[in-house]
Amino acid sequence: MREYLHKGDEVDTLQALWQHCVAHPHEIVSYFHDKGSFHNTSENVKARRLGTKSTFHFHADSILRNNLHECNVCTARFSTQPQYASAANMWTAHCDYVRKLLPPKTYSAAMQTMLDDTLWNFERH
C-alpha cells in the first residue's frame, strides 16, 4: 500500500497510479474498483466478478507470458462512447501507455474545457 487517505475518492487513487507509471514506465499495473459495493444489487455483483476475474486474468497472463503487447489496456469490455471506459472500471495496462494520459486530477477540467470549446464553435456556425 502506497498510502492511506482517511478521506478521498477515485481520482486520488488514479492520480497515485498515474504518478507510479510516470516514475516506472516499464511496469504493468492493474486497477480495481469497488463497483457497486454500497449498492449490492445482483447486477453490481456480476459486474464486480467480471471485472475482477478479467483484470486478474490479464495481469497474471501478462506477467507470466509477457503478452500484454496486444493492447495498451486490457479489460473485460471497453467502450469508447460517451468516453473511454472499461467494464466495472477495472483494467490492466502498460505504464508506458498510462503515463501518456492526462493526469487524473486534471481530467475533469480538461473535459469541461473541450466541451465548452466544442459548444462555442458549434454555436458560432
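The structure presented is a predicted model; accordingly, all values stated were derived computationally and were not measured. (Residues numbered from 1 in each chain as written. Predicted model: local features only at pLDDT ≥ 70, side-chain atom pairs only at ≥ 80, totals over all residues. Heavy atoms only, no water.)

**Student:** Can you help me understand the sheet that holds strand 2 (residues 73-74) in this one?
**Tutor:** Sheet strands line up and pair through hydrogen bonds in the backbone, either parallel or antiparallel. Spatially, 3 strands are ordered 1-5-2 in an open sheet, and the strand pairing comes out antiparallel. Looking at the sheet topology across the chains shown, the edges are occupied by strand 1 (28-31) and strand 2. Sheet strands touched by helix 1 (residues 10-23): strand 1 and strand 5 (91-94). Its angle to strand 1, the strand with the most contacts, is close to 175°. (Pairing = 2+ DSSP bridges. Helix = DSSP H or I, 4+ residues; strand = E, 2+ residues; numbered from the N terminus. Contact = heavy atoms within 4.5 Å. Axes fitted to C-alpha atoms, helices over the stretch in contact; angles between N-to-C directions.)

**Student:** Looking at this structure, I do not really get the side chain of Thr92. What am I missing?
**Tutor:** When you line up the elements, Thr92 lands in strand 5. Here the side chain of Thr92 touches Ser30 through a polar contact of 2.7 Å, side chain to side chain. (Polar contact = N/O pair within 3.5 Å; in protein donor to acceptor, adjacent residues only side chain to side chain.)

**Student:** It is not clear to me how the nonpolar core should be interpreted in this structure. Could you clarify?
**Tutor:** If you look at soluble globular proteins, the nonpolar side chains tend to sit buried side by side. Counting 9 residues, the largest nonpolar core consists of Leu17, Trp18, Cys21, Val29, Tyr31, Trp91, Ala93, Cys95 and Val98. Those elements that place two or more of their residues in this core are helix 1, strand 1, strand 5 and helix 3 (95-98). No other element matches the 3 residues that helix 1 contributes to this core. In this structure Val98 touches Leu17, Trp18, Cys21, Trp91 and Ala93, once residues within four positions along its chain are discounted. (Core = buried A, V, L, I, M, F, W, Y, C linked by side-chain atoms within 4.5 Å. Buried < 20%, exposed > 50% of the residue type's maximum accessible area, 1.4 Å probe, protein only.)

**Student:** What is the right way to look at the side chain of Thr75 in this model?
**Tutor:** Tracing the backbone through its elements, the reader meets Thr75 in the loop between strand 2 and strand 3 (78-79). Of note is the side chain of Thr75, whose polar atom sits 3.0 Å from the backbone oxygen of Met90.

**Student:** Explanation requested: the environment of Glu27 in the structure shown.
**Tutor:** By secondary structure assignment, the location of Glu27 is in the loop between helix 1 and strand 1. Counting along the chain gives 67 residues from Glu27 to His94, while the straight-line C-alpha distance between them is 6.3 Å. Setting aside anything within four residues of it in sequence, one finds Glu27 in contact with His20, Ala93, His94 and Cys95. Reaching out from Glu27, the side chain makes a polar contact with the side chain of His20 at a distance of 2.6 Å.

**Student:** In this structure, what is going on with the state of the cysteines? I would like to understand it.
**Tutor:** Formally, a disulfide is one covalent bond, and it connects the sulfur atom of one cysteine to the sulfur atom of another. One pass over the full model with this rule turns up 1 disulfide. The side chain of Cys21 participates in a disulfide bridge whose partner is Cys95; the two sulfur atoms lie 2.3 Å from each other. A torsion of -55° about the S-S bond marks the disulfide between Cys21 and Cys95 as left-handed. Taken together, the residues span a long stretch of sequence, with Cys21 in helix 1 and Cys95 in helix 3 at a distance of 74 residues. (Disulfide = S-S within 2.5 Å.)

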